[in-house]
Amino acid sequence: ITSKLPDTGTTIFSVMSALAAQHQAVNLGQGFPDFPMNAALVARVNEAMQQGFNQYAPMQGHMLLREVLAEKAAYLYGSRIDPDTQITITPGGTYGIYTAITTVLHPGDEVIVFQPCYDSYIPNIRVNGAIPVLVDLQFPEYRIDWEAVKRSITSRTRMIMLNTPHNPTGAVLSAEDIEQLRAIVTGTPILILSDEVYEHLIYDNIPHQSMLRYPDLLERSFVTFSFGKLYHCTGWKLGYCVSSPALMQEFRKVHQYNCFSCHTPSQVALASFLQEKDSYLQLSGFMQAKRDYFAQLMGHTRFTPLASHGSYFQCYQYHRISDEGAADFAVRLTKEAGVATVPVSAFYQSGKDHRVLRFCFAKKEETLQKAVEQLMKV
Ligand code: PMP
Ligand code: GLN
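In the nomenclature of an unreviewed UniProt entry, the chain is known as Methionine aminotransferase of Chitinophaga alhagiae. Per UniProt, the chain has the following entry under Cofactor (unreviewed entry): "pyridoxal 5'-phosphate".

Encoded structure:
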(Lines give C-alpha, C1' and ligand atoms only; values in the text may rest on other atoms or scores of the structure.)
(Ligands and ions follow the chains in the order given, each with its own letter.)
Protein backbone atom coordinates (compact mmCIF):
# COMPACT_ATOMS: atom_id res chain seq x y z
CA ILE A 1 0.00 0.00 0.00
CA THR A 2 0.94 3.65 -0.25
CA SER A 3 1.09 4.88 3.32
CA LYS A 4 -1.17 7.82 4.09
CA LEU A 5 1.26 8.77 6.88
CA PRO A 6 4.71 7.89 5.55
CA ASP A 7 6.59 10.04 8.07
CA THR A 8 4.69 8.93 11.17
CA GLY A 9 6.33 6.54 13.62
CA THR A 10 5.04 5.03 16.87
CA THR A 11 3.69 7.55 19.36
CA ILE A 12 6.27 8.71 21.92
CA PHE A 13 3.92 7.70 24.76
CA SER A 14 4.04 4.04 23.75
CA VAL A 15 7.77 4.22 23.12
CA MET A 16 8.61 5.71 26.53
CA SER A 17 6.19 3.49 28.48
CA ALA A 18 7.64 0.38 26.82
CA LEU A 19 11.17 1.55 27.63
CA ALA A 20 10.13 2.26 31.23
CA ALA A 21 8.69 -1.25 31.57
CA GLN A 22 11.77 -2.84 29.99
CA HIS A 23 14.10 -1.09 32.44
CA GLN A 24 11.75 -1.12 35.44
CA ALA A 25 12.01 2.65 35.51
CA VAL A 26 9.67 4.96 37.43
CA ASN A 27 7.32 6.11 34.69
CA LEU A 28 6.85 9.89 34.71
CA GLY A 29 6.58 9.82 30.91
CA GLN A 30 3.14 8.97 29.55
CA GLY A 31 0.50 11.05 31.29
CA PHE A 32 -1.71 8.96 33.56
CA PRO A 33 -2.28 8.82 37.32
CA ASP A 34 -0.80 5.89 39.27
CA PHE A 35 -3.23 6.31 42.18
CA PRO A 36 -6.70 4.75 42.25
CA MET A 37 -9.74 6.58 40.93
CA ASN A 38 -12.69 7.37 43.17
CA ALA A 39 -14.16 4.10 44.48
CA ALA A 40 -17.68 5.59 44.62
CA LEU A 41 -17.60 6.20 40.87
CA VAL A 42 -16.42 2.64 40.26
CA ALA A 43 -19.31 1.42 42.42
CA ARG A 44 -21.76 3.45 40.36
CA VAL A 45 -20.59 1.86 37.12
CA ASN A 46 -21.08 -1.51 38.76
CA GLU A 47 -24.57 -0.52 39.90
CA ALA A 48 -25.45 0.73 36.42
CA MET A 49 -24.45 -2.63 34.98
CA GLN A 50 -26.47 -4.48 37.60
CA GLN A 51 -29.44 -2.26 36.88
CA GLY A 52 -29.28 -3.38 33.27
CA PHE A 53 -27.70 -0.38 31.50
CA ASN A 54 -25.82 -2.71 29.19
CA GLN A 55 -27.17 -1.98 25.72
CA TYR A 56 -26.26 0.72 23.21
CA ALA A 57 -26.42 4.27 24.47
CA PRO A 58 -27.96 6.83 22.11
CA MET A 59 -25.58 7.84 19.32
CA GLN A 60 -25.22 11.36 20.80
CA GLY A 61 -24.58 9.98 24.29
CA HIS A 62 -26.73 9.26 27.33
CA MET A 63 -29.17 12.20 27.69
CA LEU A 64 -28.80 12.56 31.48
CA LEU A 65 -25.05 12.86 31.08
CA ARG A 66 -25.38 15.51 28.38
CA GLU A 67 -27.81 17.44 30.57
CA VAL A 68 -25.51 17.46 33.55
CA LEU A 69 -22.61 18.56 31.31
CA ALA A 70 -24.68 21.48 30.02
CA GLU A 71 -25.45 22.43 33.64
CA LYS A 72 -21.78 22.21 34.54
CA ALA A 73 -20.87 24.51 31.63
CA ALA A 74 -23.56 26.98 32.72
CA TYR A 75 -22.30 26.90 36.31
CA LEU A 76 -18.61 27.27 35.44
CA TYR A 77 -18.67 29.46 32.36
CA GLY A 78 -22.15 30.96 32.15
CA SER A 79 -22.68 29.17 28.84
CA ARG A 80 -26.07 28.24 27.46
CA ILE A 81 -25.56 24.94 25.71
CA ASP A 82 -28.35 22.77 24.37
CA PRO A 83 -27.55 19.21 25.47
CA ASP A 84 -29.67 17.84 22.65
CA THR A 85 -27.91 19.53 19.75
CA GLN A 86 -24.54 20.71 21.06
CA ILE A 87 -22.94 17.89 23.04
CA THR A 88 -21.80 14.46 21.88
CA ILE A 89 -20.20 11.87 24.14
CA THR A 90 -17.06 10.43 22.55
CA PRO A 91 -14.69 7.56 23.29
CA GLY A 92 -12.04 9.92 24.70
CA GLY A 93 -10.67 13.34 23.87
CA THR A 94 -8.40 11.99 21.12
CA TYR A 95 -11.41 10.67 19.23
CA GLY A 96 -13.24 13.98 19.62
CA ILE A 97 -10.27 15.82 18.11
CA TYR A 98 -9.92 13.37 15.23
CA THR A 99 -13.64 13.45 14.49
CA ALA A 100 -13.81 17.26 14.54
CA ILE A 101 -10.87 17.48 12.16
CA THR A 102 -12.29 14.82 9.85
CA THR A 103 -15.71 16.49 9.88
CA VAL A 104 -14.58 19.83 8.50
CA LEU A 105 -11.22 19.54 6.76
CA HIS A 106 -10.92 19.01 3.04
CA PRO A 107 -7.68 18.12 1.24
CA GLY A 108 -5.51 21.22 0.89
CA ASP A 109 -7.11 23.08 3.81
CA GLU A 110 -4.60 24.70 6.13
CA VAL A 111 -4.66 24.40 9.90
CA ILE A 112 -2.68 26.62 12.26
CA VAL A 113 -1.04 24.37 14.86
CA PHE A 114 1.14 25.63 17.67
CA GLN A 115 4.18 23.57 18.44
CA PRO A 116 5.13 21.87 20.64
CA CYS A 117 1.73 20.15 20.36
CA TYR A 118 -0.01 17.00 21.48
CA ASP A 119 1.21 14.29 19.18
CA SER A 120 -2.05 13.24 17.54
CA TYR A 121 -2.87 16.62 15.97
CA ILE A 122 -0.55 16.62 12.98
CA PRO A 123 -1.17 13.02 11.85
CA ASN A 124 -4.93 13.67 12.25
CA ILE A 125 -4.67 16.68 9.92
CA ARG A 126 -2.43 14.91 7.41
CA VAL A 127 -4.51 11.73 7.13
CA ASN A 128 -7.33 13.99 5.92
CA GLY A 129 -5.09 15.48 3.24
CA ALA A 130 -5.04 18.84 5.02
CA ILE A 131 -1.90 20.84 5.77
CA PRO A 132 -0.58 21.74 9.22
CA VAL A 133 0.90 25.25 9.31
CA LEU A 134 3.22 25.30 12.28
CA VAL A 135 3.67 28.31 14.54
CA ASP A 136 6.22 27.99 17.35
CA LEU A 137 5.18 28.90 20.87
CA GLN A 138 7.65 31.41 22.31
CA PHE A 139 10.27 29.66 24.39
CA PRO A 140 10.55 29.46 27.39
CA GLU A 141 7.07 30.74 28.40
CA TYR A 142 5.43 28.95 25.47
CA ARG A 143 3.13 31.88 24.78
CA ILE A 144 1.40 32.40 21.43
CA ASP A 145 3.00 34.94 19.11
CA TRP A 146 -0.19 36.40 17.59
CA GLU A 147 1.75 38.43 15.04
CA ALA A 148 3.23 35.16 13.76
CA VAL A 149 -0.29 33.73 13.61
CA LYS A 150 -1.46 36.67 11.49
CA ARG A 151 1.47 36.14 9.12
CA SER A 152 0.56 32.45 8.75
CA ILE A 153 -3.06 32.99 7.75
CA THR A 154 -3.88 32.53 4.06
CA SER A 155 -7.08 32.21 2.04
CA ARG A 156 -6.83 28.44 2.64
CA THR A 157 -6.72 28.65 6.47
CA ARG A 158 -9.66 26.62 7.73
CA MET A 159 -8.90 26.04 11.39
CA ILE A 160 -6.82 27.18 14.38
CA MET A 161 -6.07 24.49 16.97
CA LEU A 162 -5.76 25.54 20.60
CA ASN A 163 -4.93 23.55 23.71
CA THR A 164 -5.34 25.14 27.13
CA PRO A 165 -4.03 24.09 29.64
CA HIS A 166 -1.33 22.94 27.29
CA ASN A 167 0.31 19.57 26.89
CA PRO A 168 3.33 19.28 27.07
CA THR A 169 4.21 22.69 28.53
CA GLY A 170 1.56 23.54 31.13
CA ALA A 171 1.03 26.98 29.53
CA VAL A 172 -2.47 28.46 29.73
CA LEU A 173 -4.29 30.99 27.56
CA SER A 174 -5.18 34.39 29.01
CA ALA A 175 -8.16 36.69 28.36
CA GLU A 176 -5.79 38.76 26.23
CA ASP A 177 -5.08 35.71 24.05
CA ILE A 178 -8.82 35.30 23.51
CA GLU A 179 -9.08 38.92 22.35
CA GLN A 180 -6.26 38.35 19.89
CA LEU A 181 -7.92 35.18 18.63
CA ARG A 182 -11.27 36.93 18.24
CA ALA A 183 -9.69 39.76 16.25
CA ILE A 184 -8.17 37.22 13.85
CA VAL A 185 -11.17 34.96 13.25
CA THR A 186 -14.09 37.39 13.30
CA GLY A 187 -15.45 37.89 9.80
CA THR A 188 -13.53 34.89 8.41
CA PRO A 189 -14.57 31.27 7.83
CA ILE A 190 -11.82 30.06 10.20
CA LEU A 191 -12.96 27.42 12.70
CA ILE A 192 -11.44 26.73 16.12
CA LEU A 193 -10.64 23.39 17.67
CA SER A 194 -10.06 23.92 21.38
CA ASP A 195 -8.62 20.93 23.22
CA GLU A 196 -9.59 21.48 26.86
CA VAL A 197 -9.00 18.04 28.34
CA TYR A 198 -7.09 19.68 31.23
CA GLU A 199 -9.96 22.09 31.95
CA HIS A 200 -9.82 21.45 35.71
CA LEU A 201 -6.06 21.06 35.98
CA ILE A 202 -5.29 24.77 36.18
CA TYR A 203 -3.41 26.33 39.08
CA ASP A 204 -2.46 29.54 40.86
CA ASN A 205 -6.10 30.77 40.76
CA ILE A 206 -5.92 31.38 37.02
CA PRO A 207 -9.35 31.14 35.33
CA HIS A 208 -9.64 28.59 32.53
CA GLN A 209 -10.25 30.38 29.23
CA SER A 210 -12.76 27.92 27.83
CA MET A 211 -14.34 28.59 24.46
CA LEU A 212 -17.57 27.77 26.29
CA ARG A 213 -17.37 31.25 27.88
CA TYR A 214 -17.63 33.01 24.53
CA PRO A 215 -20.81 32.41 22.48
CA ASP A 216 -19.38 34.14 19.39
CA LEU A 217 -16.33 31.86 19.44
CA LEU A 218 -18.25 28.70 20.38
CA GLU A 219 -20.32 29.31 17.24
CA ARG A 220 -17.22 28.35 15.21
CA SER A 221 -15.59 25.93 17.66
CA PHE A 222 -15.30 22.29 18.51
CA VAL A 223 -14.33 21.99 22.18
CA THR A 224 -13.07 18.62 23.37
CA PHE A 225 -12.95 17.17 26.89
CA SER A 226 -11.89 13.92 28.57
CA PHE A 227 -13.35 12.14 31.59
CA GLY A 228 -10.10 10.23 31.84
CA LYS A 229 -8.36 13.44 32.97
CA LEU A 230 -11.26 14.57 35.11
CA TYR A 231 -11.73 11.47 37.20
CA HIS A 232 -8.34 9.72 36.98
CA CYS A 233 -9.58 6.99 34.65
CA THR A 234 -7.61 7.40 31.42
CA GLY A 235 -8.35 3.74 30.61
CA TRP A 236 -12.06 4.46 30.30
CA LYS A 237 -11.42 6.39 27.08
CA LEU A 238 -14.49 8.55 27.48
CA GLY A 239 -14.95 12.24 26.79
CA TYR A 240 -17.19 14.69 24.96
CA CYS A 241 -17.29 17.39 22.36
CA VAL A 242 -19.25 20.65 22.50
CA SER A 243 -19.99 22.76 19.43
CA SER A 244 -22.62 24.86 17.70
CA PRO A 245 -25.75 22.99 16.56
CA ALA A 246 -24.74 23.35 12.90
CA LEU A 247 -21.20 22.03 13.38
CA MET A 248 -22.36 19.30 15.76
CA GLN A 249 -24.81 18.03 13.19
CA GLU A 250 -21.91 17.47 10.80
CA PHE A 251 -19.74 15.98 13.57
CA ARG A 252 -22.43 13.40 14.29
CA LYS A 253 -22.56 12.38 10.63
CA VAL A 254 -18.97 11.17 11.02
CA HIS A 255 -19.31 9.88 14.57
CA GLN A 256 -22.40 7.73 13.90
CA TYR A 257 -20.53 5.65 11.33
CA ASN A 258 -17.31 5.42 13.26
CA CYS A 259 -18.04 4.26 16.80
CA PHE A 260 -21.79 5.11 16.86
CA SER A 261 -22.01 5.27 20.67
CA CYS A 262 -19.93 4.85 23.83
CA HIS A 263 -19.85 2.54 26.85
CA THR A 264 -23.28 2.87 28.49
CA PRO A 265 -22.75 2.00 32.19
CA SER A 266 -19.95 4.54 32.65
CA GLN A 267 -22.12 7.25 31.10
CA VAL A 268 -24.93 6.45 33.54
CA ALA A 269 -22.48 6.51 36.44
CA LEU A 270 -20.91 9.80 35.32
CA ALA A 271 -24.34 11.43 34.94
CA SER A 272 -25.01 10.89 38.64
CA PHE A 273 -21.45 11.51 39.87
CA LEU A 274 -21.13 14.87 38.07
CA GLN A 275 -24.08 16.20 40.02
CA GLU A 276 -21.71 16.49 42.98
CA LYS A 277 -19.84 19.66 42.09
CA ASP A 278 -17.03 18.90 44.51
CA SER A 279 -16.12 15.92 42.36
CA TYR A 280 -14.62 18.34 39.84
CA LEU A 281 -14.05 21.48 41.88
CA GLN A 282 -11.52 19.73 44.13
CA LEU A 283 -9.33 18.55 41.29
CA SER A 284 -7.30 21.71 40.82
CA GLY A 285 -6.27 21.98 44.49
CA PHE A 286 -5.47 18.27 44.65
CA MET A 287 -3.23 18.38 41.60
CA GLN A 288 -1.64 21.75 42.41
CA ALA A 289 -0.43 20.19 45.67
CA LYS A 290 1.22 17.44 43.61
CA ARG A 291 2.82 19.98 41.28
CA ASP A 292 4.22 21.89 44.26
CA TYR A 293 5.36 18.75 46.05
CA PHE A 294 7.18 17.53 42.95
CA ALA A 295 8.74 20.96 42.35
CA GLN A 296 10.01 21.09 45.92
CA LEU A 297 11.59 17.63 45.60
CA MET A 298 13.10 18.48 42.22
CA GLY A 299 14.77 21.48 43.85
CA HIS A 300 17.30 18.94 45.19
CA THR A 301 18.36 17.97 41.66
CA ARG A 302 20.28 19.76 38.91
CA PHE A 303 17.23 20.03 36.66
CA THR A 304 15.94 23.57 35.96
CA PRO A 305 12.15 24.08 36.02
CA LEU A 306 10.08 25.96 33.46
CA ALA A 307 6.72 27.37 34.57
CA SER A 308 3.65 25.11 34.60
CA HIS A 309 0.26 26.69 35.32
CA GLY A 310 -1.87 23.77 34.22
CA SER A 311 -2.09 20.14 32.98
CA TYR A 312 -0.31 17.46 35.00
CA PHE A 313 3.02 18.07 33.38
CA GLN A 314 6.06 20.02 34.44
CA CYS A 315 8.92 20.69 32.04
CA TYR A 316 12.57 20.86 33.05
CA GLN A 317 15.75 21.90 31.28
CA TYR A 318 18.84 19.79 31.94
CA HIS A 319 21.66 21.98 30.63
CA ARG A 320 23.50 21.67 33.98
CA ILE A 321 23.63 17.89 33.50
CA SER A 322 24.11 17.15 29.82
CA ASP A 323 24.29 18.72 26.38
CA GLU A 324 22.71 15.73 24.64
CA GLY A 325 19.54 16.12 22.58
CA ALA A 326 16.34 15.53 24.53
CA ALA A 327 15.42 12.27 22.77
CA ASP A 328 18.81 10.70 23.55
CA PHE A 329 18.91 12.11 27.06
CA ALA A 330 15.40 10.80 27.85
CA VAL A 331 16.41 7.29 26.74
CA ARG A 332 19.62 7.39 28.78
CA LEU A 333 17.77 8.73 31.83
CA THR A 334 15.33 5.84 31.61
CA LYS A 335 18.07 3.22 31.28
CA GLU A 336 20.67 4.65 33.65
CA ALA A 337 18.71 6.64 36.23
CA GLY A 338 15.56 4.54 36.07
CA VAL A 339 13.20 7.46 35.41
CA ALA A 340 11.14 7.72 32.23
CA THR A 341 10.07 11.13 30.90
CA VAL A 342 9.02 12.46 27.50
CA PRO A 343 11.42 14.61 25.43
CA VAL A 344 9.58 17.79 24.46
CA SER A 345 11.37 17.67 21.08
CA ALA A 346 8.95 14.81 20.22
CA PHE A 347 6.13 17.37 20.21
CA TYR A 348 7.84 19.44 17.50
CA GLN A 349 7.27 18.43 13.91
CA SER A 350 10.30 20.46 12.90
CA GLY A 351 12.64 18.55 15.21
CA LYS A 352 13.32 21.70 17.23
CA ASP A 353 15.03 20.84 20.49
CA HIS A 354 15.30 23.27 23.42
CA ARG A 355 16.60 20.37 25.52
CA VAL A 356 13.60 20.05 27.72
CA LEU A 357 11.97 16.99 29.32
CA ARG A 358 8.34 16.65 30.34
CA PHE A 359 7.57 15.01 33.70
CA CYS A 360 4.09 13.82 34.70
CA PHE A 361 3.40 14.62 38.37
CA ALA A 362 -0.02 12.90 38.59
CA LYS A 363 1.58 10.27 40.81
CA LYS A 364 1.56 9.04 44.40
CA GLU A 365 3.97 10.89 46.69
CA GLU A 366 6.05 7.74 47.05
CA THR A 367 6.40 7.48 43.25
CA LEU A 368 7.56 11.09 43.00
CA GLN A 369 9.96 10.57 45.90
CA LYS A 370 11.46 7.47 44.34
CA ALA A 371 11.89 9.22 40.99
CA VAL A 372 13.59 12.24 42.54
CA GLU A 373 15.90 10.09 44.69
CA GLN A 374 17.15 8.60 41.44
CA LEU A 375 17.30 11.94 39.64
CA MET A 376 19.42 13.41 42.45
CA LYS A 377 22.23 11.08 41.39
CA VAL A 378 22.50 12.50 37.87
N1 PMP B 1 -5.45 16.14 24.30
C2 PMP B 1 -4.42 16.28 25.12
C3 PMP B 1 -3.70 17.57 25.15
C4 PMP B 1 -4.05 15.22 25.93
O5 PMP B 1 -2.99 15.35 26.75
C6 PMP B 1 -4.77 14.03 25.89
C7 PMP B 1 -4.42 12.90 26.71
N8 PMP B 1 -3.72 12.46 27.20
C9 PMP B 1 -5.85 13.94 25.03
C10 PMP B 1 -6.15 15.00 24.24
C11 PMP B 1 -6.65 12.69 24.88
O12 PMP B 1 -7.51 12.36 25.87
P13 PMP B 1 -8.14 10.90 25.92
O14 PMP B 1 -7.21 10.06 26.70
O15 PMP B 1 -9.45 11.13 26.59
O16 PMP B 1 -8.30 10.43 24.51
N1 GLN C 1 -2.09 12.38 27.01
C2 GLN C 1 -1.14 11.51 27.56
C3 GLN C 1 0.22 12.19 27.53
O4 GLN C 1 0.35 13.25 27.01
C5 GLN C 1 -1.02 10.17 26.91
C6 GLN C 1 -2.08 9.79 25.97
C7 GLN C 1 -1.65 8.61 25.15
O8 GLN C 1 -0.89 7.78 25.60
N9 GLN C 1 -2.12 8.55 23.97
O10 GLN C 1 1.13 11.63 28.04
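(A) Examining the site of ligand 1 more closely. The local shell around ligand 1 holds 14 residues, among which Gly92, Gly93, Thr94, Asn167 and Ser226 are the closest. Along the lines of polarity and charge, the residues of the shell around ligand 1 split into 2 nonpolar, 10 polar and 2 charged.

(B) Region of interest: the pairing of strand 7 (residues 221-226). For strand 7, a buried count of 6 out of 6 residues is recorded, marking the element as mostly surrounded by other parts of the structure. Relative to strand 7, strand 6 (residues 191-195) runs parallel, the two being bridged by 4 bridges. From the neighbouring strand, leucine 193 faces strand 7, where its bridge partner is phenylalanine 222. Looking at chain direction, strand 7 and strand 8 (residues 239-243) are connected through 5 bridges and run antiparallel. Pairing of threonine 224 across the sheet is with cysteine 241, part of strand 8.

(C) Here's a closer look at the sheet that holds strand 2 (residues 87-90). In space, the 7 strands of this open sheet follow the order 2-8-7-6-5-3-4, with mixed pairing throughout. The sheet is open, and its two borders are formed by strand 2 and strand 4 (131-136), each paired with just one other strand. Strand-to-strand twist across the sheet, computed as the mean angle between neighbouring axes with direction ignored, equals 20°. Docked against the sheet, helix 4 (residues 93-104) engages strand 2, strand 5 (157-163), strand 6, strand 7 and strand 8, running at close to 160° with respect to strand 7.

(D) Structural detail: helix 3 (residues 63-77). Spanning 15 residues, helix 3 covers 21 Å between terminal C-alpha atoms, matching the ideal 21 Å at 1.5 Å per step. Within the span of helix 3, buried status applies to Leu65, Arg66, Leu69, Ala70 and Ala73. Taken down its axis, helix 3 places every buried residue within 140° of arc, on the same side. Check the buried side of helix 3 and you find it contacts strand 2, strand 8 and helix 11 (264-273). Glycine 78, located one to two residues past helix 3, shows a positive phi value of around 70°.

(E) Fine view of the site of ligand 2. If you check the shell around ligand 2, you find Phe13, Gln30, Gly31 and Asn167 and nothing else. Taken together, the residues of the shell around ligand 2 sort by class into 1 nonpolar, 3 polar and no charged.

(F) Summary view of the packing of helix 4 against helix 10 (residues 245-255). Packing of helix 4 against helix 10 brings their axes to within 9 Å, and their N-to-C directions diverge by 105°. Between helix 4 and helix 10, the interaxial angle falls into the category roughly perpendicular. Between helix 4 and helix 10, the residues in contact are Thr99, Ala100, Thr102, Thr103 and Val104 and Glu250, Phe251, Val254 and His255, respectively. Classifying every residue of the contact of helix 4 with helix 10 by side-chain character gives 4 nonpolar, 4 polar and 1 charged.

(G) Structural view of the domain arrangement of the chain. In terms of domain boundaries, the chain breaks down into domain 1 (12-30 + 282-375) and domain 2 (40-276). The straight-line distance from the C-alpha centre of domain 1 to that of domain 2 is 26 Å. Taken together, the 25 residues of domain 1 in the interface contact 26 residues of domain 2. Of all elements in the fold, only helix 13 (283-298) and strand 10 (313-317) reach the threshold of two or more residues within the side of domain 1 that touches domain 2. With 5 residues, helix 13 is the single largest residue contributor to the side of domain 1 that touches domain 2. Residue classes in the side of domain 1 that touches domain 2 are distributed as 13 nonpolar, 10 polar and 2 charged.

(H) Molecular detail of the sheet that holds strand 9 (residues 304-305). In spatial order, the strands read 9-10-13-12; together these 4 strands make up an open sheet with antiparallel pairing. The open sheet has two edge strands with one neighbour each: strand 9 and strand 12 (342-343). Sheet analysis places strand 10 next to strand 13 (residues 356-360), joined by 5 bridges and oriented antiparallel. Residue cysteine 315 lies in a different strand from strand 13, and its bridge partner there is arginine 358. Across the sheet, helix 13 is in contact with strand 9 and strand 10; its angle to strand 10 comes to roughly 20°.

(I) Region of the structure containing the nonpolar core. By size, the foremost hydrophobic cluster in this structure holds 107 residues, and its most contacted members are Met161, Leu193, Val339 and Leu357. The element contributing the most residues to this core is helix 4, with 6 residues. Counting only domains with at least three residues in this core, you end up with domain 1 (12-30 + 282-375) and domain 2 (40-276). In this structure, methionine 161 is in contact with Val111, Ile112, Val113, Tyr121 and Leu193, ignoring residues within four places of it in sequence.

(J) Highlighting the packing of helix 3 against helix 11. Orientation of helix 3 relative to helix 11, taken along the N-to-C sense of each, is 35°, at an axis distance of 8 Å. The interaxial crossing formed by helix 3 with helix 11 has left-handed handedness. On the side of helix 3, the interface is formed by Leu64, Leu65 and Val68, while helix 11 contributes Gln267, Leu270 and Ala271. By residue class, the composition of the contact of helix 3 with helix 11 is 5 nonpolar, 1 polar and no charged.

(K) Summary view of the confidence of the model for the chain. On average, residues of the chain score 98 in pLDDT, and 100% of them are at 70 or above. Scored as a complex, the prediction yields pTM 0.98 and ipTM 0.98.

What counts as what
Residues numbered from 1 in each chain as written. Chains lettered and ligands numbered in written order. Predicted model: local features only at pLDDT ≥ 70, side-chain atom pairs only at ≥ 80, totals over all residues. UniProt positions renumbered as here; feature names shortened; annotations may be inferred. Near = placed C-beta within 6 Å. Nonpolar A, V, L, I, M, F, W, Y, C, P; charged D, E, K, R; others polar. Buried ≥ 20, exposed ≤ 12 C-beta atoms within 10 Å, placed from the backbone. Helix = DSSP H or I, 4+ residues; strand = E, 2+ residues; numbered from the N terminus. Pairing = 2+ DSSP bridges. Axes fitted to C-alpha atoms, helices over the stretch in contact; angles between N-to-C directions. Contact = placed C-beta atoms within 7 Å. Expected span 1.5 Å × (residues − 1). Arc of directions from axis to C-beta. Parallel < 35°, antiparallel > 145°, perpendicular 65-115°, else oblique. Domains from an automatic or database assignment. Core = buried A, V, L, I, M, F, W, Y, C linked by C-beta atoms within 7 Å. Left-handed = near helix turned anticlockwise from the far one by under 90°. pLDDT = per-residue confidence, 0-100.

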